[in-house]
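A closer look at the structure
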Amino acid sequence: MTSSSLIDPVVDHLADLALWEAELAADPAPADPLWLVSPLVARLARVPDPRRLRGLRHPLLVILVLTACATLVVGNDGLTAIRQWAARTPQDVLHRLGARRNPLTGRYLVPSERTFRRVLAAVDGDALDTATCGYAADVVRGDAPVPQIPAAPGEPAEREQRRAVTRTLTHPAPAGLLPAVAVDGKLLHGTRTAGGQVFLVAAVTHDTGVILGQRQVADKRGESTVTEDLLTPLNVAGMLLTLDALHTSKKTARLITDTLDAHYLLILKGNQPLALQAAQTLLSGTDTEFADRTDIDSDRGHGRTERRTIRVAACDDNVFPGARQVFRLRRDTGGLDGVRTSKQIIYGIVSPTAEQASPQHLNAYARGHWSVENRLHWTRDVTFSEDGSQLRTGAAPRNLAAMRNLALNTFRLAGRANIAHTRRDLHDRADAFAVYRI
């Protein structure tokens, strides 16, 4: 016959308290502050810890840094793999991070998988996005060193890097382009949280593919409501922002031109019938009439050919707030034999004048906006297996997406084009920690 007793739990609790006091007394002084040499650690140290102080054993910074470094490495696309990778973190690294130390064995400890899951589900997503994207901004501004990704000696350049060099020669960007940022949303298909599936809206640069910011909304229909929260903290003055039809509203146009002191390229569809009708009227006519306001760009690759024909007409605020030009873009695509098999026509409106943005410029901006599909959505889905993730608790899906954004920014700022190739270069843990100067 067995009987329950409160003695054993109390004894265990007292033992835990004694162990904690011993740690405080025996743990040597931490190493030199890591945030002095690691800009990422300095950013992550600002993320508030959502946990109560009572019973807290593992610092939040340790969990965030280990997750960030593990996400760089191929195969670490879920929390089980991330914790398994982190379990073999060298003791000197854990010491520098300020990890908890067992006074009986003298070894620094890595949090359990359960702790990783619980903490990442509770951390504020906005704060983590601000920290990870802020690190990228520090590198772009020159306030932080460019991350270095090691490669095998004598290894040839990646295929994607060779293609990028070739493309700059065969399809050079027109001179005078403004720095451009695409704003677009992505659904995390594998998520099933209490509030439904997770939908994230990000701002991504056209040229480098660096993610400047990210916010979560309830669903795709709420994508336009988060534009102000996403863009206001960013320094986008003088840039051109490209947004799809969901964001085409007078409020967004005024926000970009008046508040943010930037320019916009917006797509016109049925949600703005008057502006769409005005654009169609201004752009109607023969090709001869628009010969001096037309640009044609042809491309070939990935098993297909594409011709993009854009015609432009001037307009004013009567069409849309801040508008100076409207355009019609026709995309003809087909096989490598050159036979066109499909056609798509879209209308859009922009705030730069004809002197600031020629038809050639607008063609480049429109093409650059859709590159976000390949450089962000496709990469996170395929290379990081994001849509296959089964994280369904709290803010964990969004926070892991923030860590994937951090990895993408790190690789691209380091000048690497093939993300999968780069992740395979970081099997050595020392190399992975060295990327962030840890």
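Please refer to the structure higher up on the page.
Quick summary incoming for the structure in this document. (Residues numbered from 1 in each chain as written. Predicted model: local features only at pLDDT ≥ 70, side-chain atom pairs only at ≥ 80, totals over all residues. Heavy atoms only, no water.)

Helices and strands together make up the secondary structure of the protein, namely 15 helices and nine strands. Looking at the protein as a whole, 48% of its 438 residues are labelled buried. Carbon and sulfur atoms provide 53% of the accessible area of the protein, an area that totals close to 21500 Å². Here the protein holds 53 positive side-chain charges and 47 negative ones, and the gap between their average locations is 4 Å. (Helix = DSSP H or I, 4+ residues; strand = E, 2+ residues; numbered from the N terminus. Buried < 20%, exposed > 50% of the residue type's maximum accessible area, 1.4 Å probe, protein only. Areas by Shrake-Rupley, 256 points an atom, 1.4 Å probe, with all protein chains shown as cover. Lys, Arg positive; Asp, Glu negative; His and termini not counted. Charge placed at Lys NZ, Arg CZ, Asp CG, Glu CD.)

Let's shift gears to the packing of helix H12 (residues 359-382) against helix H13 (residues 396-413). Where H12 contacts H13, the axes come no closer than 11 Å and their chain directions differ by 120°. Here H13 runs oblique to H12, going by the angle between their axes. Crossing geometry of H12 relative to H13 is assigned as right-handed. Across from Arg375, Leu376, Thr379 and Arg380 in H12, the residues of H13 making contact are Ala401, Arg404, Asn405, Leu408 and Arg412. Residues that form the contact of H12 with H13 fall into these classes: three nonpolar, two polar and four charged. (Axes fitted to C-alpha atoms, helices over the stretch in contact; angles between N-to-C directions. Parallel < 35°, antiparallel > 145°, perpendicular 65-115°, else oblique. Left-handed = near helix turned anticlockwise from the far one by under 90°. Contact = heavy atoms within 4.5 Å. Nonpolar A, V, L, I, M, F, W, Y, C, P; charged D, E, K, R; others polar.)

With 12 residues, helix H3 (residues 60-71) should cover 16 Å at 1.5 Å per step; its first-to-last C-alpha distance of 17 Å lies within 8% of that length. Across the 12 residues that make up H3, a large majority, 12, are buried. The complete set of buried residues in H3 reads Leu60, Leu61, Val62, Ile63, Leu64, Val65, Leu66, Thr67, Ala68, Cys69, Ala70 and Thr71. (Expected span 1.5 Å × (residues − 1).)

Once that is clear, we can look at the pairing of strand S2 (residues 196-205). Looking along a regular strand, one sees side chains alternate from face to face of the sheet. With eight of its 10 residues buried, S2 lies for the most part within the structure. Counting the residues between successive antiparallel strands, the hairpin from S2 to strand S3 (residues 211-217) contains five residues, one of them, glycine 209, with a positive phi of roughly 75°. (Pairing = 2+ DSSP bridges.)

Tallying each qualifying case throughout the model produces zero disulfides. With no disulfide of its own, cysteine 133 lies closest to cysteine 69 among cysteine sulfurs, the gap being 17 Å. (Disulfide = S-S within 2.5 Å.)

What follows is about unusual backbone geometry. Both trends apply: most residues other than glycine have a negative phi, and most peptide bonds are in trans. Unlike most non-glycine residues, aspartate 261 shows phi in positive territory, near 55°. The phi torsion at arginine 437 lies on the positive side, around 60°, for a residue other than glycine. Along the chain, arginine 437 falls in the segment after helix H15 (429-435). By relative accessible area, which is 47% here, arginine 437 ends up partly exposed.

Here we take up the side chain of threonine 410. Checked against the element boundaries, threonine 410 lands in helix H13. By relative accessible area, which is 0% here, threonine 410 ends up buried. In this structure, threonine 410 is in contact with Leu72, Tyr135, Pro147, Ile149, Val435 and Tyr436, ignoring residues within four places of it in sequence.

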